[in-house]
Each structure stands twice: as structure tokens, then as C-alpha cells.
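Secondary and tertiary structure notes
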Amino acid sequence: MFVNTLQYLVCPDCESTDLKLHSEQTLKGDVKSGRVICSTCTESFPIHDGVLIWLTNPDQYLRAHVTEREDHIEHIDESLESDRVTALYWLGHYVSAKELLSANPKLSATLKTLVKKYWDQGPMQTLAKLFKQKKLSGSMLELGCGSGGLAHLLGSNLDSYLGIDSAYQGVKRARDILITKKNIYNAPSDLVQGPLANKITAKSKTKPPLDCDFIVVDIEIGGLKKNHWDMVAAFNVIDMLEEPSQLFKLKQFLLKSSGIAVSSSPYIWHPETAKQLKPKKNESSQDRMVRMSREAGFGKIAFEIRDIPWLFFKNINQLEIYNVHLLGVRN
Ligand SMILES: C[S@@+](CC[C@H](N)C(=O)[O-])C[C@H]1O[C@@H](n2cnc3c(N)ncnc32)[C@H](O)[C@@H]1O
Ligand SMILES: [Zn+2]
């Protein structure tokens, strides 16, 4: 965690901004171990391997999610499936079509065609193009940042970037790839040992934003300052929340008055969530998203791109294609 990140935080327990950083080990301004202590309620939040755990009951979270080996925390006690999903996500964000195809000459002709045509054209790449076209810049907060693909793709187009996620594993990977540049992650073994024979490691090819950090925060708990960001983004997150409309309300709370809420979703609504969303007759997912944003006070559409193909490799013979929408709204 960078010292600079403290300015964006409020205590997740009592919302105080009277926070003190106690650093035990710092490398080039990045606190590798230490604690942030709230002077008001005295709660203490650990920083492990550079990752700040900014949650209520932070020590309990560490015990549940991170296993200690000797004196070093290096393994995250989550299921293998989740490990695989995280690896597949970074494959999509950090490996280009060209790299993927050259690493895997035996990919079927059909999949090759799809990869060539659509792999580099996903929603994050589409947003990066829009940034260039519209000369967008400013500060960005990303909710549910996963392994940091958006910060990687937007890079130095942003003045500052903070990524938050409730999963330690994603945050740790994002920091390893973009901040400490360890580049230690490989493609899942069946993609590597099967036809995808060459080893691929995640490398950031772009310069990350100057002021870039990733920390563990739960959207549903909070812990971030109000009205602070030019943009608040969330990609593929809204469909994971029990109350999707809360995400737009939260973005409204976090954004500056003229800020833009950026959203994308493949729209796999849980049936219970879909019921709760109460769509109007024949209302599409995207129209329901726009209405949800209006209900949260966003009156204007800054940009809207429908039907973006988003490819997700499951294994060498299974490539999923989602139909994703990109929406930017403002007050
Ligand atoms: C489908 S993944 C998308 C990750 C990334 N945005 C991307 O598109 O590659 C959803 C992410 O949201 C995170 N997430 C889900 N619920 C969350 C919550 N309550 N608070 C913070 N992050 C959350 C998950 O841990 C996961 O990393
Ligand atoms: Zn406090």
C-alpha cells in the first residue's frame, strides 16, 4: 500500500478520517508490512505483502483467507477453481491475441478466427479506445478490480487509479503484476501443457497510472471517501451483487459531482436478482441498467456501447463469448 492511498480512506468501522500509518517495511514508498490504525475507534488494519486489508474484522479475514508459511504469507486459502478463474481473467487482460495465437499453434481454426477477430476488442479495450478518442483522463476508482486488467489497459491515460476488491488473491496479483512487477503468474496448466505449449507469463506492457494502488475493500462494507473520484468503474461486478441497484448508489456517493460512473456487465442475473430488478415488459438488460442509473440520480449518458463481444477461455476447446455492454453515466 502506498502512503498516498491513505488520503482516499475512511475507517470501515467508524468512518473516521483520523488514520495513522505504522510502517514496518517500506520499499520506494510502498508499505510492504505494517498497520493502519484508526485513532477514533482504535481498530487496527494489517498490511500483508503490500496488501492493506481494509475491512471490518481484518485479522479474522486474514486468518480465513491467508495461510502462513514460516514467517511469510504466500498462499491464499481459496479453492482451486477460484484460482483458475483468476488465472483465466488475467489471461484475458494481459495476453494479446497475437501472444495467445503464437503460444498455441494447435488451437482449432474456428477458435483461432474468433480470437483474431474479437480477443483484443473486449469491453476494457473498448473503454481504452474511448479514452483516446474522447481524450478522457482524471482519477479512477475501480470496484471489484480483480487482477488489475483495467489499470493495465488504461495505463497512463489516468492521473490516478485505486483498485479495490474483496478477494485478497486478485489484489495481490494486480500488485505483483503492475506494482512490484514480479510477473510470476502462468496460464492454467491444461492450457500450458496441452496444445498451448509455450509458457505465458502475465506482463504489463503499458505504464500503470503514476498514482496506482490496489487494496482489499468490500463494496458492501465501505471504507472510502465520499465525492472524491472523476470516474468510478465496475466491470463484471453488478451481476454478482445481491442488490445490483446499490452499486449505482455507491458510485453516486463516491463520485465528484461531475464524475462518470462506468459500468459493464455480461448480464447473468441470478433469477432471484432478476425478480427483484422488476424489469418492465420487453425491457433489455441494458435498458434496465440505464433505468437503474437514473433511479440513482444519473441523468445523462456520457457514452453507451452495446453488444461488445467478450471472449473468455475455459480450456483449449472451450471459448465462451459474452455479449457485454459498456455504459458511462453522469449527473
Ligand atoms: C467477475 S469478477 C470481475 C473482475 C474484474 N472487474 C474483471 O472484469 O476482470 C468480479 C470481481 O468482483 C469482486 N467482488 C464481488 N463482490 C465484491 C464485494 N462485495 N466487494 C468487493 N469486490 C467484490 C470479486 O472478488 C471479483 O474479483
Ligand atoms: Zn474507526
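These remarks concern the structure in this document. Small disclaimer: the values here were computed from a predicted structure and weren't measured. (Residues numbered from 1 in each chain as written. Chains lettered and ligands numbered in written order. Predicted model: local features only at pLDDT ≥ 70, side-chain atom pairs only at ≥ 80, totals over all residues.)

Turning our attention to the nonpolar core. Residues L52, W54, I215, V216 and V232 are the most contacted members of the largest nonpolar core, which totals 72 residues. Each of two domains, domain 1 (3-76) and domain 2 (99-330), supplies a minimum of three residues to this core. Setting aside anything within four residues of it in sequence, one finds I215 in contact with M1, T5, V51, L52, W54, I164 and V171. (Core = buried A, V, L, I, M, F, W, Y, C linked by C-beta atoms within 7 Å. Buried ≥ 20, exposed ≤ 12 C-beta atoms within 10 Å, placed from the backbone. Domains from an automatic or database assignment. Contact = placed C-beta atoms within 7 Å.)

As a further point, take helix α9 (residues 245-254). Within α9, the full set of buried residues consists of L247, F248, L250, K251, Q252 and L254. The secondary structure elements touched by the buried residues of α9 are β7 (139-143), β10 (229-235), β11 (255-265) and α11 (285-295). (Helix = DSSP H or I, 4+ residues; strand = E, 2+ residues; numbered from the N terminus.)

Here β7 lies mainly inside the structure; four of its five residues are buried. Taken together, the five bridges between β7 and strand β8 (residues 160-165) define a ladder with parallel strand orientation. By the bridge assignment, L143 is partnered in β8 with I164. Note that the unit made of β7, helix α6 (residues 149-154) and β8 has a crossover that is right-handed. (Pairing = 2+ DSSP bridges. Right-handed = clockwise from strand over helix to strand, strands pointing away.)

Attention now goes to the pairing of strand β3 (residues 44-48). Two faces make up the sheet, and in a regular strand the side chains alternate between them. In this sheet, β3 lies alongside strand β2 (residues 30-38) in antiparallel orientation, the contact comprising four bridges. Across the sheet, the residue bridging to V36 is F45, located in β3. Where β2 hands over to β3, the hairpin turn is made up of five residues, of which T42 adopts a positive phi near 70°. By the bridge criterion, two bridges tie β3 to strand β4 (residues 51-52) in an arrangement that is antiparallel.

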